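Each chain is listed here by its residues.
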Amino acid sequence: MDCCLATVVLKRSSRGTKFFAHRIAGPCTSADESEEHRHLKLMAVEIARSSGWQAATEVAGTTPTGEPWRADVLAVKGNAQVAIEIQWSGQTNAETLRRQEQYRLSGIRGLWLLRQPGFPIVHDLPAACIGGSLADGFQALIPAHERMLARHRRLPESWRQALPMDAFLRAAFERRLGFLTPLEAVGENATIVVETAIADCWNERCREKTQIITSIEIATDQGAFDFSLPDLTDHPHLLAEILQRLPSSFDRKVIQKRYSHTQRRSYVSNGCARCNRLFGEFMLAHDPSETDQIATFPVRLDSRWLALLSSHPDIEISQPAWWVRA
């Protein structure tokens, strides 16, 4: 054994994973690895090799100052070296950063899979939280930045991304894992989806049925973000582009900038096709009508669309974190 002078025996776990163990228990204090730990190491090795890297488990080395380290998995491709660390048991953030610094001094990029959340979200620590189980399959959970979490208290375990562990590892070995802001990660292209519904005018003397726009979705590489017509008040060029893409059967006159006495402001809104009464945001949120996709079209995310995206409450512009690009 690398940890002591004990001889070894080859074993096979209940799920078929082969591993070495001490033949006879002795004074060695090294803890046995869990089956989950062994399974994730094997997965990392297999995916690294299938991605064109050389990979091995339990590779030992030393820093230039002589400090020893041992990587769960070390993958090598040309001059690039990546150490994959699977931390199933608890470990302090200080210890994680200390071990990461050892790899940095040795010219190795460390990638961490940690069972416990709460690790630092920084450029120098590529990391994901381990979700799932052996029975159901493992996931890589990429956390949001603390400032973004504070804005989503309804989801304490909020994740920027959740994807199968094998997909995450493959993305890392294919250099698609990056430390980016959400706007940097959404990609260059998006799809706009416009939904409408039939609503009754709230004016008792009118009660005209009008086709109204209920939502405008921007579907990007990193998720879909919903906007309403009022969100487009300060983006008239985008509104004009969206209205131009709607079928000729849609009455564009119902989309105007109107004054709301309730909100004491003017904003782009739906209105009744007959009496021009404003359909307020409250009415849209509680309208029972079924919605239909009236238009779907691609756009390039230029500065105008990015300005709209930056206003979405689910996007924290200034706080980068780890993302997997599509």
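Structure's up top.
Computed from a prediction, not measured in an experiment: that's the story for all the values here. (Residues numbered from 1 in each chain as written. Predicted model: local features only at pLDDT ≥ 70, side-chain atom pairs only at ≥ 80, totals over all residues. Heavy atoms only, no water.)

> Can you lay out the overall build of the chain for me, pointing to particular residues and giving the numbers?
Within the chain one finds eight helices and 18 strands. Across the 326 residues of the chain, 44% fall into the buried class. Looking at the chain alone, contacts between residues at least 24 apart form 58% of all its contacts between residues at least 6 apart. Element-wise, carbon and sulfur atoms account for 50% of the exposed surface of the chain, whose accessible area totals about 17600 Å². (Helix = DSSP H or I, 4+ residues; strand = E, 2+ residues; numbered from the N terminus. Buried < 20%, exposed > 50% of the residue type's maximum accessible area, 1.4 Å probe, protein only. Contact = heavy atoms within 4.5 Å. Areas by Shrake-Rupley, 256 points an atom, 1.4 Å probe, with all protein chains shown as cover.)

> Residue-level account of the packing of aromatic side chains, with values.
Enumeration over the complete set of coordinates arrives at four aromatic pairs. Note on Trp69 and Tyr103: the rings are 5.4 Å apart at their centroids and 65° apart in plane angle, and the pair reads as edge-to-face. One end of the pair, Trp69, is in strand E4 (residues 68–77); the other, Tyr103, is in helix H2 (residues 93–105), with 34 residues separating them in the sequence. The same class applies to Trp69 as to Tyr103, namely buried. Relative to Phe138, the ring of Trp88 lies with its centre 5.9 Å away and its plane at 80°, an arrangement referred to as edge-to-face. (Phe/Tyr/Trp six-rings, centres within 6.5 Å; stacked < 30°, edge-to-face > 60°.)

> Go over the environment of Glu290 with me, naming the residues and quoting the values.
Looking at the element boundaries, Glu290 is found in the loop between helix H7 (281–285) and strand E17 (292–300). Residue classification places Glu290 among the exposed positions, given a relative accessible area of 71%. Along the primary structure Glu290 and Thr196 are separated by 94 residues, whereas in three dimensions their C-alpha atoms are 8.4 Å apart.

> Summarise the sheet that holds strand E14 (residues 255–260); cite the residues concerned and give the values.
Strands sit in the order E14-E15-E16 across an open sheet of three strands; the sheet is antiparallel. Sheet topology places E14 and strand E16 (278–279) at the edges, where each strand pairs with a single neighbour. Across two bridges, strand E15 (residues 265–271) lies against E16 in antiparallel orientation. By the bridge assignment, Gly271 is partnered in E16 with Leu278. (Pairing = 2+ DSSP bridges.)

> Outline the sheet that holds strand E12 (residues 209–220), supporting the account with residue identities and numerical values.
Taken together, four strands build an open sheet; the order of strands is E13-E12-E11-E17 and the sheet is antiparallel. In the strand order of this sheet, the two ends are held by strand E13 (223–227) and E17, each with one partner. Looking at each pair of strands side by side, their axes are set apart by 25° on average, direction ignored. The pairing of E12 with E13 spans five bridges and is antiparallel. Its bridge partner being in E13, Ala219 is matched across the sheet by Ala224. (Axes fitted to C-alpha atoms, helices over the stretch in contact; angles between N-to-C directions.)

Treat this as a map of the structure, not an account of what it does.
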